[in-house]
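Below, each chain spelled out in residue letters.
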Amino acid sequence: MNPEEIDFYNLGFDFIETNQMFISEFKNGEWDEGKIVPFGPFEISPAACILNYGQGIFEGMKALKGKTGEITLFRPDENAKRLNISAKRLLMPCFDEERFINAVKDVVRANKEYIPPYDSGGALYIRPLMIGSGPILGVAPANEYKFIIYTVPVGPYFPEGFKAIDLEISMEYTRAAPGGTGYAKTCCNYAGTMKPAKETKTKGYSQIIYLDASNMEYIDEVGTANFFAIIDDKLVTPKLKGTILPGITRKSVLEIANTKLSVTSEERDISYKELFNDSCSEAFCTGTAAVITPIGSITLNKETRIFNNSEPGELTKKIYDLLIGIQRLEIDDDFGWVEKI
Ligand code: PLP
Ligand code: COI
């Protein structure tokens, strides 16, 4: 789509085609140089491993435009590392981390006219994607792969923006089980969440809070974001135990809380029952797409807990302001997280 035709001030989280993408091919045991090419379809064998057995992984990142026009990335080294953790889980070839970051920068530069303006609050979403493209019949890893990076201009993931969303706890569906692929960003982890998401949206909720599959008691995460709550004045988030995606926003929020706020943080099991107690005063979720999204209410069956009259809580707002401030170059980045392109 022509950038002039895009209303950057009213973007949602929908696919919009941009000009260029990066593609690198893995053949005979190595990745080629990779190149920037016009965005568009490519041929793939019907027997490709991704099409038959779902051997695919991805990442999600954002490029932002600062007040004076600088283009920035947030902790791209973390996405490079996580891609390779996912790759190892699905027996896919790793992609050199420095080359990953350079390729991301090249794609952003090639699509820079699609980066939403600073005052729109939007971002250029970056989607690195690795797929097993080689043909296969028995269930085994492909012998050829494609690594693609494309971009899409986006607004907020939840149409509510920085407004509280309503979530439902599912006692029916789970996202990941111990020993599975929950900690990796595999394409297949998301396919199974579409039906639960559709059903909960029909009931008026934005997303599902998934519980741990072993006990159906402890919070794992929200469909596309990590979960946080303020309980007994402490910032708590479920501890990583293989079933939860280790979010880069999650990690950053913990580091911000530990160094910039006088709040104690804990990574521990959180029973859903705790969310219905008065000791739990705020809840929010975090992610690249979701940024920090306050949770206004949580429902389980017929019981609903409303937080702070469905307004963003005080600590949630503080954390949001700090994170967004660092990402948008409005607050000093003492952590060295922001990388200018
Ligand atoms: N959990 C899931 C299932 C996600 O899809 C995402 C989004 O990437 C997250 C958590 C948050 O991760 P991050 O903060 O790295 O974007
Ligand atoms: C992200 O936050 O980057 C995600 O990947 C979430 C979702 C769009 C899959």
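Residues numbered from 1 in each chain as written. Chains lettered and ligands numbered in written order. Predicted model: local features only at pLDDT ≥ 70, side-chain atom pairs only at ≥ 80, totals over all residues. Heavy atoms only, no water.

Engineer: Sorry if this is basic, but what is going on with the site of ligand 1 here?
Structural biologist: Of all residues adjacent to ligand 1, which total 16 residues, the nearest are Y190, E221, I248, T249 and T288. Between ligand 1 and the protein, one listed contact pairs an oxygen atom with a side-chain N or O atom of R82 at 2.8 Å. Contacts to ligand 1 include Y190, whose side-chain N or O atom sits 2.5 Å from an oxygen atom. Protein coverage of the free-state accessible area of ligand 1, which is 380 Å², stands at 97%. Taken together, the residues of the shell around ligand 1 sort by class into 4 nonpolar, 8 polar and 4 charged. (Near = heavy atom within 4 Å. Polar contact = N/O pair within 3.5 Å; in protein donor to acceptor, adjacent residues only side chain to side chain. Areas by Shrake-Rupley, 256 points an atom, 1.4 Å probe, with all protein chains shown as cover. Nonpolar A, V, L, I, M, F, W, Y, C, P; charged D, E, K, R; others polar.)

Engineer: When you look at the domain arrangement of the protein chain in this model, what are you seeing that I'm missing?
Structural biologist: Quoted interface sizes are often the accessible area lost when the parts come together. Taken domain by domain, the protein chain comprises domain 1 (3-154) and domain 2 (165-326). Relative to domain 2, the C-alpha centre of domain 1 lies at a distance of 26 Å. Each side of the interface is counted separately: domain 1 has 20 residues, and domain 2 has 21 residues. In this assembly, domain 1 packs against domain 2 so that about 1700 Å² is buried in total across both faces, 64% of it on carbon and sulfur atoms. The largest share of the area that domain 1 buries against domain 2 comes from F58, R82 and R89, three residues that together contribute 37% of it. (Domains from an automatic or database assignment. Contact = heavy atoms within 4.5 Å. Buried area = accessible area lost by both parts, 1.4 Å probe.)

Engineer: Sorry if this is basic, but what is going on with empty space enclosed by the protein here?
Structural biologist: Gaps between atoms show up when a probe of the same size as a water molecule is rolled over them. Under the definition given, this model contains 1 cavity of 30 Å³ or more. Estimates place the volume of the largest cavity at around 30 Å³. The wall of the largest cavity is formed by S281, E282, A283, P294, I295, F307, N308, E311, G313 and T316. Those elements giving two or more residues to the lining of the largest cavity turn out to be β15 (280-287) and β16 (291-300). Top contributing element to the lining of the largest cavity by residue count: β15, with 3 residues. Here the residues of the lining of the largest cavity sort into 4 nonpolar, 4 polar and 2 charged. (1 Å grid on protein atoms, 1.4 Å probe; cavity = no way out; pocket = protein on both sides within 12 Å on 5 of 7 lines; lining within 4 Å. Points joined across faces, edges and corners; volume = space filled by probe spheres on them. Helix = DSSP H or I, 4+ residues; strand = E, 2+ residues; numbered from the N terminus.)

Engineer: Looking at this structure, how should I read the site of ligand 2?
Structural biologist: Every residue close to ligand 2 is listed here: F13, F58, G60, Y125, R127, Y157, K185, Y190, T224, T288 and A289. Contacts to ligand 2 include Y125, whose side-chain N or O atom sits 2.6 Å from an oxygen atom. A distance of 3.5 Å separates an oxygen atom of ligand 2 from a polar backbone atom of T288. Look at ligand 2: alone it shows 280 Å² of surface, and the protein chains cover 90% of it. At a threshold of 2 Å from the grid points, most atoms of ligand 2 map onto the largest pocket. (Sits in = over half its atoms within 2 Å of the grid points.)

Engineer: I would appreciate a short explanation of the packing of aromatic side chains in the present structure.
Structural biologist: Between two aromatic rings, the relevant description is the distance of the centres plus the angle of the planes. Considering all chains together, one arrives at 17 aromatic pairs under this definition. Ring centres of W31 and F147 lie 6.3 Å apart, and the angle between their planes is 70°; on these two criteria the pair is classed as edge-to-face. Of this pair, W31 sits in strand β2 (residues 30-31) while F147 sits in strand β8 (residues 145-154), placing them 116 residues apart in sequence. Here W31 and F147 have matching classes, each one buried. Taking 5.6 Å as the distance between ring centres and 85° as the angle between the ring planes, the aromatic pair formed by F74 and W337 counts as edge-to-face. A residue pair is termed long-range when its members are at least 10 positions apart, and F74 in strand β6 (residues 71-74) and W337 in the loop between α7 (314-327) and β18 (338-340) qualify at 263 residues. For the pair formed by F74 and W337, the shared burial category is buried. An aromatic cluster of three or more residues is present, and its members are F22, F26, W31, F95, F100, Y145 and F147. (Phe/Tyr/Trp six-rings, centres within 6.5 Å; stacked < 30°, edge-to-face > 60°. Buried < 20%, exposed > 50% of the residue type's maximum accessible area, 1.4 Å probe, protein only.)

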